[in-house]
Amino acid sequence: MEKVFPEKVTEGTAGVLNTLFIAEAYANFGYIGIMAGTFYVAILVQIMYITFIRLPKNPVYLSLFIYFSINIPRTLVGGFTDFLFNPIWLLITGLFVGILVFIRLRMDLFEFWRKRRSRIGT
């Protein structure tokens, strides 16, 4: 960063200049960051892929799969800290899964009351 933007370094506004997540992992954590970061990102991407393959195919999970399929390569050329904690990923996943759980609970509750009403009426 000192070679590319020395004025930003002197101002104290410079961040980490990288083209792959591994550069930021090295800048923040050294050689341990390179090794641990590589394994962490590989495991995270593989677990997400396997999870999406095994989930039922409905519009919610398919839209999440598409979102992450587009967003993960962008993050690979971005920063390593996006893989450690990405609040946007957590919010989007929580929103979609929350909607799906709400719909499932509502359907189950409706089915429960329908069965109960048919037993009482007969």
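Definitions and limits used
- Residues numbered from 1 in each chain as written.
- Predicted model: local features only at pLDDT ≥ 70, side-chain atom pairs only at ≥ 80, totals over all residues.
- Heavy atoms only, no water.
- Helix = DSSP H or I, 4+ residues; strand = E, 2+ residues; numbered from the N terminus.
- Rg over C-alpha atoms; globule rule 2.2 N^0.38 Å.
- Buried < 20%, exposed > 50% of the residue type's maximum accessible area, 1.4 Å probe, protein only.
- Contact = heavy atoms within 4.5 Å.
- Areas by Shrake-Rupley, 256 points an atom, 1.4 Å probe, with all protein chains shown as cover.
- Expected span 1.5 Å × (residues − 1).
- Bend = angle between axes of the 7 residues up to and from the residue.
- Core = buried A, V, L, I, M, F, W, Y, C linked by side-chain atoms within 4.5 Å.

Enquirer: So what's going on with the overall build of the protein chain? Which residues, and what values?
Expert: Along its length, the protein chain carries 5 helices and 0 strands. Along the chain direction, N to C, the helices and strands of the protein chain fall in the order α-α-α-α-α. Its C-alpha atoms give the protein chain a radius of gyration of 22 Å, clearly above 14 Å, the size a compact globule of 122 residues would have. On the principal axes, the C-alpha backbone points of the protein chain span a range of 85 × 30 × 20 Å. Across the 122 residues in the protein chain, those meeting the buried criterion constitute 17%. Put simply, 53% of the contacts in the protein chain that link residues at least 6 apart link residues at least 24 apart. Surface summary for the protein chain: the accessible area is close to 9,400 Å², and the carbon and sulfur share equals 70%.

Enquirer: Go over helix α2 (residues 21-54), please, and point to the residues and values.
Expert: Here α2 contains 34 residues, and its C-alpha end-to-end distance of 28 Å is more than 12% below the 50 Å for a straight helix at 1.5 Å per residue. At F29, α2 shows its maximal bend, which comes to roughly 140 degrees. Buried within α2 are the following residues: F21, E24, A25, G33, G37, V41, M48 and F52. Taken together, the buried residues of α2 touch α3 (59-76) and α4 (81-84).

Enquirer: Tell me about the nonpolar core, and please be specific about residues and values.
Expert: With 12 residues, the main nonpolar core is built from F21, A25, V41, M48, F52, Y61, L64, F68, I72, F80, F83 and W89. Sorting the residues of this core by element identifies α2 and α3 as the ones contributing at least two each. Of all the elements, α2 adds the most residues to this core, at 5 residues. Residues contacting F52, with those up to four places away along its chain left out, are K57, Y61, L64, F65 and F68.

Enquirer: Please provide a residue-by-residue account of α3, values included.
Expert: Taking 1.5 Å of rise per residue, the 18 residues of α3 would be expected to cover 26 Å, and the 26 Å separating its terminal C-alpha atoms lies within 8% of that figure. Taken as a whole, α3 has its buried residues at V60, Y61, L64, F68, N71, I72 and T75.

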